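One-letter residues, chain by chain:
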Amino acid sequence: MQRVFSSQAVINQRLSRILGVVFFIALTSLGAFVRIPLLFTPVPLTLQTFFVLLSGALLGSKLGFTSQAVYLLLGLSGLPLFTGGFAGALYFAGPTAGYLAGFLFAALISGKLIKKDDCWGKVFVKFMLADVVLLASGMLWLKLSLGLSLPN
């Protein structure tokens, strides 16, 4: 699945890789605007997680990681790419910062785990494993940012 750009049909592989990274930056950004507020947490449910996992699966671990790192850097620089149209360094101190950091890990892990000959069932399970890492990162930060103690 991740060897999309190794096909003979792709003439300029470098340009294809750059376009793939840009494409997933755009998808992750758009996924931030598909949000469902949850009553029990300040963190909404978004479509971003799907695109983060897909970036690793289709681009590979390095390029998937790169797409998410550039997405975060663009948001950090002030582009309103984050959920709710927010941006800037202050957003990284808020309750969703751990989830944003988890984007990097999840893209990396999904890229490492998913192979081009995996069946859909295996891909689903591997997506869930990468998603657990993303969610654990987010929940850990959320708990710390709300001043809650960690379990013993």
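Asker: Break down the overall build of the protein for me, citing the residues and quoting the values.
Answerer: If you tally the helices and strands in the protein, you get five helices and two strands. Listed by position from the N terminus, the elements making up the protein come as α-β-β-α-α-α-α. Taken against the 2.2 N^0.38 rule, which gives 15 Å for 152 residues, the C-alpha radius of gyration of the protein at 16 Å falls within 12% of a compact globule. Summarising its shape, the C-alpha atoms of the protein cover approximately 55 × 35 × 25 Å along the three principal directions.

Asker: Before we move on, could you go through the side chain of Asp 118 and cite the residues and values that matter?
Answerer: Its location among the elements puts Asp 118 in the loop between α4 (97-113) and α5 (120-145). Residue classification places Asp 118 among the buried residues on the basis of a relative accessible area of 15%. Looking at Asp 118, its side chain comes within polar contact range of the side chain of Lys 126, at 2.8 Å. Excluding its chain neighbours within four sequence positions, the residues that come into contact with Asp 118 are Leu 113, Val 123 and Lys 126.

Asker: Explain the pattern of salt bridges residue by residue, including any values.
Answerer: Going through the model one piece at a time under the given rule, you end up with one salt bridge. In this structure, the salt-bridge partner of Asp 118 is Lys 126, at a minimum N-O distance of 2.8 Å. Lys 126 matches Asp 118 in its accessibility class, with the two residues each being buried.

Asker: Explain a nonpolar patch on the surface residue by residue, including any values.
Answerer: A contiguous nonpolar surface patch, about 380 Å² in accessible area, is contributed by Phe 124, Val 125, Met 128 and Leu 129. For Leu 129, the position within the fold is in helix α5.

Asker: Kindly report on the environment of Leu 140, identifying the contributing residues and their values.
Answerer: By the secondary structure assignment, Leu 140 is in helix α5. For the pair Leu 140 and Tyr 99, spaced 41 residues apart in sequence, the C-alpha to C-alpha distance is 9.1 Å.

Asker: So what's going on with the nonpolar core? Residues and values would help.
Answerer: Formed by 29 residues in total, the largest nonpolar core has its most connected members in Tyr 71, Leu 100 and Phe 127. Counting only elements with at least two residues in this core, the list comes to α1 (13-31), α2 (48-59), α3 (61-76), α4 and α5. Ignoring anything within four residues of it in the chain, the contact list for Phe 127 reads Leu 53, Leu 54, Ala 57, Ser 110 and Ile 114.

About the thresholds
Residues numbered from 1 in each chain as written. Predicted model: local features only at pLDDT ≥ 70, side-chain atom pairs only at ≥ 80, totals over all residues. Heavy atoms only, no water. Helix = DSSP H or I, 4+ residues; strand = E, 2+ residues; numbered from the N terminus. Rg over C-alpha atoms; globule rule 2.2 N^0.38 Å. Buried < 20%, exposed > 50% of the residue type's maximum accessible area, 1.4 Å probe, protein only. Polar contact = N/O pair within 3.5 Å; in protein donor to acceptor, adjacent residues only side chain to side chain. Contact = heavy atoms within 4.5 Å. Salt bridge = Lys/Arg side-chain N within 4 Å of Asp/Glu carboxyl O. Patch = residues over 30% accessible without salt bridge, like charges linked within 9 Å, V, L, I, M, F, W, Y side chains within 5 Å. Areas by Shrake-Rupley, 256 points an atom, 1.4 Å probe, with all protein chains shown as cover. Core = buried A, V, L, I, M, F, W, Y, C linked by side-chain atoms within 4.5 Å.

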